[in-house]
Amino acid sequence: MQGSWRNRADSLFCAMPATETFRRRLGIFDLTMIVVGAVIGSGIFLTPSMIMRTLGDPSLVIGIWIFGGLMAVAGAFTFAELAHVLPRVGGIYAYLTEAYSPYAGFAYGWCMLLVMNSGSLAALCTACVSYIAYFFPMSAIVQKCTSLGLFLFLTAANIFGIRQGSLISNIFSLAKIIGIAVLIVGAMVLTPTAAPSVEALALPSGNMLSAFAVAMVGILWSYGGWQYATFPASEVRSPSRAIPLSILIGITVIIILYLGANLAYLSVLGPAGVAREARVASSVAELLAGPAGGAFIAVLIAASTLGTASVYTLAAPRIYYAMSRDGLFFSKIGQLHPKYGTPAVALLVQCAVVAVLIFSGSFEDLISYVAFVDWIFYAAAAGAVFVFRKSHRDAERRYSVPGYPVTPAAFILVSIWFVIYLFIGQPVKSGIGLCILLASYPVYRYRRSQSGHETKSAPPLSDT
C-alpha cells in the first residue's frame with residue numbers, strides 16, 4: 001500500500017523527464033505586474049507614520065522616499081544587467097552561483113525557503129486575513145486556518161500553470177495601482193470632514209544620521225521585492241529584453257505611486273497627523289469618505305498583501321527547482337509537473353514550510369532574524385555585475401547599467417551600511433540570522449557528498 005501511494009505521488013508530481021524545460025508564457029506586462037505586486041505590500045500604508053515620527057520634517061520625509069526610490073532604481077539597473085547577461089531560472093540564486101560558488105547560491109536558497117520568503121508568505125497571508133476580519137470577525141484559530149486556506153489556493157493556482165499564477169498576480173497588482181491612485185486623487189479633489197492638524201511637530205533629538213538610518217528601515221522594506229521578476233526567467237519570452245524592461249517600468253510606477261501617496265497623507269492629515277496615526281492610509285480614507293473610506297482601505301490592503309503573497313508563491317519555488325537541478329537539493333524538487341510544466345513539488349515543499357510558520361506564530365521573529373542577511377545577499381548579487389563584466393566580457397550586451405560603475409557601487413555601499421546598522425542595533429536577532437545562514441554550510445557539504453560529483457551551474461538558457 002505504501003508503495004502504491006508513492007507511485008501515485010510520483011506519477012502526479014514527478015513524472016516529467018529531467019530534460020523537459022519550463023514553458024515560456026510570461027511577457028513584459030506579466031513581469032511588470034510581478035514587480036509591482038512584489039514591492040507594494042503593506043509598507044506604503046503603514047510605514048509613513050513611523051518615518052514622519054523619526055524625521056519630523058515633511059521635506060526630509062519626501063526626500064528620503066525619493067532617496068529610497070533612487071536606490072531602488074540603482075538596484076533595478078544593476079539587476080537588470082544581471083538578468084540580461086544571465087537569464088536563468090532562480091534569479092539571484094543563479095547570479096551568486098555563477099559569480100562566486102555553488103555554496104553562495106545554496107545559502108541564499110536555504111534562507112529563502114526556511115525564513116525569508118516563507119516567513120514573508122506566512123506574514124502576508126496572516127495580514128490579509130486580519131483585514132478580512134474587518135468585515136467578518138473571527139477567532140485567532142479561525143484566522144490561522146483561513147490564512148492557510150488562502151495560501152493553499154495560491155499554491156494550487158501556481159501548480160496548475162504559470163499563466164494561472166501570473167493572472168492572479170496581474171489582477172491584484174492592477175487593483176493596488178488603481179486603489180492607491182483613487183486614494184491620491186481623492187485627497188486632491190475631496191474636502192476632508194476634519195481639518196488637517198496644524199500643531200507643531202517636534203524635530204527628532206539626537207544624531208540625525210541615526211534617525212535617517214531608522215527611517216531607512218521602513219523605506220527599504222517598502223521598496224524591496226523588485227528582484228522577484230528575475231526568478232521565473234525560464235518562463236519569460238525573450239528574457240534578456242523583457243526582464244530589464246519590466247523591472248525599470250515597475251520601479252518607475254512604484255516611485256510615482258509612493259510619492260503621490262505620501263503627498264496625499266500630508267495634504268489631508270498634516271505632518272503631526274501623519275506622525276500620530278499608525279494606520280495613516282485608513283485615517284486619510286475615513287476623513288475623506290467616512291466609514292466607507294475605512295472599508296475601502298481595508299479591502300485595498302487585503303488585496304495588496306494577498307497580491308504580494310501571490311508573487312512570492314509564484315517566484316521563489318523556481319529557486320528551489322534550480323538548486324535541485326544543480327544537485328544541491330532533493331532530486332524530486334527539480335522535476336516539473338507532467339501536465340502543467342510547473343515546479344509542483346517545490347511549490348508543495350514551500351507550502352509545508354509556510355503552513356508550519358502560520359501556525360507557529362513565530363514567523364515575524366524569524367523575518368527580523370534574517371532581515372540583515374537578506375541585504376547581504378542583495379549586496380553580493382549586485383557585486384556579481386563587476387564579476388560578470390570580466391568573466392562574461394564577450395557576452396552581447398544590448399543593456400548595461402547606466403552610470404557603471406558608480407550605480408552598482410552606490411547600491412552595494414548603501415546595502416552594506418544598512419546591514420552594519422542592523423547588526424549594531426539588533427545584535428541578538430542579527431546573530432540568530434547569522435546562525436541560520438551558517439547552518440546552511442554543513443547541509444550543503446552533505447548534499448555535495450551525496451550527489452557524488454562536483455556541482456556545476458546549469459547551462460545558459462536560450463533567449464528565445
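All values derive from a computational prediction rather than experimental measurement. Note that residues are indexed from 1 along each chain, following the sequence as it is written. Per-residue local features of the predicted model are confined to residues with pLDDT of at least 70, and side-chain atom pairs are confined, for both listing and counting, to 80 or more; whole-chain, interface and lining totals are unaffected and use all residues. As a convention, hydrogens and water are excluded, and side-chain values are obtained from all of the structure's heavy atoms.

Peer 1: Is there a simple way to explain the overall build of the protein chain in this structure?
Peer 2: A count of helical and extended segments in the protein chain gives 18 helices and zero strands. Any pair of residues with heavy atoms lying within 4.5 Å of one another is described as a contacting pair. Within the protein chain, contacts between residues at least 6 apart in sequence are counted, and of these 83% link residues at least 24 apart. All accessible-area figures derive from a Shrake-Rupley calculation using a 1.4 Å probe, and residue coverage is judged against the displayed protein chains alone. With the model as given, the accessible surface of the protein chain reaches about 18600 Å², and the carbon-plus-sulfur share is 68%. A helix here means a DSSP run of H or I that spans at least four residues, while a strand means a run of E at least two residues long, and both kinds are numbered starting from the N terminus.

Peer 1: Please clarify how the nonpolar core should be interpreted in this entry.
Peer 2: One broad rule of soluble globular proteins: the nonpolar side chains tend to lie buried together. Definition used in this section: a nonpolar core is a set of buried Ala, Val, Leu, Ile, Met, Phe, Trp, Tyr and Cys residues joined via side-chain atoms within 4.5 Å. Buried residues are those whose accessible area, probed at 1.4 Å on protein chains only, stays under 20% of the maximum for their type, while exposed residues exceed 50% and partly exposed ones sit between those limits. Membership of the largest hydrophobic core comes to 147 residues, with the highest contact counts inside it found for Tyr 108, Tyr 265 and Tyr 320. Setting aside residues up to four positions removed in sequence, Tyr 108 forms contacts with Ile 92, Tyr 93, Leu 96, Met 116, Phe 231, Ile 319 and Phe 377.

Peer 1: What is the right way to look at helix 2 (residues 28–39) in this model?
Peer 2: Because an α-helix completes one turn every 3.6 residues, residues spaced three or four positions apart along the sequence face the same direction. Given a rise of 1.5 Å per residue, twelve residues ought to cover 16 Å, and the 17 Å separating the end C-alpha atoms of helix 2 matches this to within 8%. Taking burial as the measure, the twelve residues of helix 2 include ten buried ones, the bulk of the element. Buried residues of helix 2: Asp 30, Leu 31, Thr 32, Met 33, Ile 34, Val 35, Val 36, Gly 37, Ala 38 and Val 39, and no others. One less than the residue count of a helix, multiplied by 1.5 Å, gives the span that helix is expected to have.

Peer 1: What am I meant to see in the environment of Ala 272 here?
Peer 2: Tracing the sequence through the fold places Ala 272 in helix 10 (residues 239–276). As for Ala 272 and Pro 58, which are separated by 214 residues in sequence, their C-alpha atoms are 9.7 Å apart.

Peer 1: What is the right way to read the pattern of salt bridges from this model?
Peer 2: For side chains bearing opposite charge, pairing can occur when the charged atoms are close. Each reported salt bridge corresponds to a side-chain nitrogen of Lys or Arg within 4 Å of a carboxyl oxygen of Asp or Glu. With the rule as written, the count across this model stands at three salt bridges. A salt bridge links Arg 276 to Glu 277, with the nearest nitrogen and oxygen atoms 3.9 Å apart. Look at Glu 277 and you get partly exposed, because its relative accessible area is 27%.

Peer 1: I would appreciate a short explanation of the packing of helix 4 (residues 58–85) against helix 10 in the present structure.
Peer 2: The angle between the axes and the distance between the axes are what describe a pair of packed helices. To obtain each axis, a line is fitted to C-alpha atoms, and for helices this fit is confined to the stretch in contact; angles are then taken between N-to-C directions over 0 to 180 degrees. The contact between helix 4 and helix 10 brings their axes to 9 Å, and the two run at 170°. Between helix 4 and helix 10, the interaxial angle falls into the category roughly antiparallel. Here the contact of helix 4 with helix 10 is composed, by residue class, of 22 nonpolar, four polar and no charged. For classification purposes, angles smaller than 35 degrees are called roughly parallel, those larger than 145 roughly antiparallel, those between 65 and 115 roughly perpendicular, and all remaining angles oblique. Residue classes follow a fixed rule: Ala, Val, Leu, Ile, Met, Phe, Trp, Tyr, Cys and Pro count as nonpolar, while Asp, Glu, Lys and Arg count as charged, and any other residue, Gly among them, counts as polar.

Peer 1: Would you take a moment to explain unusual backbone geometry for this structure?
Peer 2: Backbone phi values are negative for most residues with the exception of glycine, while trans is the configuration of most peptide bonds. Backbone torsion omega between Tyr 404 and Pro 405 reads 5°, so that peptide bond is classified as cis. Among the structural elements, Pro 405 can be located in the loop between helix 15 (363–391) and helix 16 (406–425).

Peer 1: Sorry, what's going on with the packing of aromatic side chains here?
Peer 2: Pairs of aromatic rings are described using the distance from one ring centre to the other and the angle between the two planes. Pairing of aromatic rings covers Phe, Tyr and Trp, the last counted by its six-membered ring, and requires centre-to-centre distances within 6.5 Å; plane angles under 30 degrees mean stacked, over 60 mean edge-to-face, and any other angle means tilted. For the structure shown, the criterion picks out 23 aromatic pairs. For the pair Phe 79 and Tyr 95, a centre-to-centre distance of 6.5 Å together with 70° between the ring planes defines the contact as edge-to-face. Linking Phe 79 in helix 4 with Tyr 95 in helix 5 (residues 92–99), this pair joins segments that are 16 residues apart in sequence. A residue is classified by how much of its surface remains accessible, and Tyr 95, at 1% relative accessible area, is buried. For the pair Trp 226 and Phe 411, a centre-to-centre distance of 6.0 Å together with 65° between the ring planes defines the contact as edge-to-face. With Trp 226 in the loop between helix 9 (208–223) and helix 10 and Phe 411 in helix 16, this pair connects stretches of sequence that are 185 residues apart. Aromatic rings pair up to connect Phe 79, Tyr 95, Trp 226, Trp 375, Tyr 378, Phe 411 and Phe 418 into one cluster.

Peer 1: Hey, could you run me through the packing of helix 10 against helix 11 (residues 280–289) in this one?
Peer 2: Axis separation between helix 10 and helix 11 bottoms out at 10 Å; the angle between their running directions is 125°. Of the possible angle classes, the one that applies to helix 10 and helix 11 is oblique. As for how helix 10 packs across helix 11, the hand of that crossing is right-handed. Contacts between helix 10 and helix 11 involve Tyr 265, Val 268, Leu 269 and Val 274 from the first element and Val 280, Ala 281, Ser 283, Val 284, Leu 287 and Leu 288 from the second. Split by residue class, the contact of helix 10 with helix 11 holds nine nonpolar, one polar and no charged. Two helices that cross are described as forming a left-handed crossing if the nearer one is turned anticlockwise from the farther one by less than a right angle, and a right-handed crossing if clockwise.

Peer 1: Help me understand the confidence of the model for the protein chain, please; the structure alone is not making it clear to me.
Peer 2: Values of pLDDT, the confidence the predictor places in each residue, fall between 0 and 100. For the protein chain, the mean per-residue pLDDT works out to 82, and 86% of the residues sit at or above 70. At the low end of the mean pLDDT range in the protein chain sits helix 1 (residues 2–13), at 38; at the high end sits helix 5, at 92. Throughout residues 1–19 the model reports pLDDT below 50, and contacts reaching past four residues in sequence, or to other chains, amount to 23 contacts. pLDDT under 50 marks residues 453–464. Its contacts with residues more than four places away, or in other chains, come to 29 contacts.

Peer 1: Please clarify how the environment of Phe 329 should be interpreted in this entry.
Peer 2: Structurally, the position occupied by Phe 329 is in the loop between helix 13 (317–325) and helix 14 (344–360). Linking Phe 329 and Gly 109, residues 220 residues apart in sequence, is a C-alpha distance of 9.8 Å. Residues in contact with Phe 329, not counting those within four places in the same chain, are Leu 113, Tyr 320, Met 323, Ser 324 and Arg 447.

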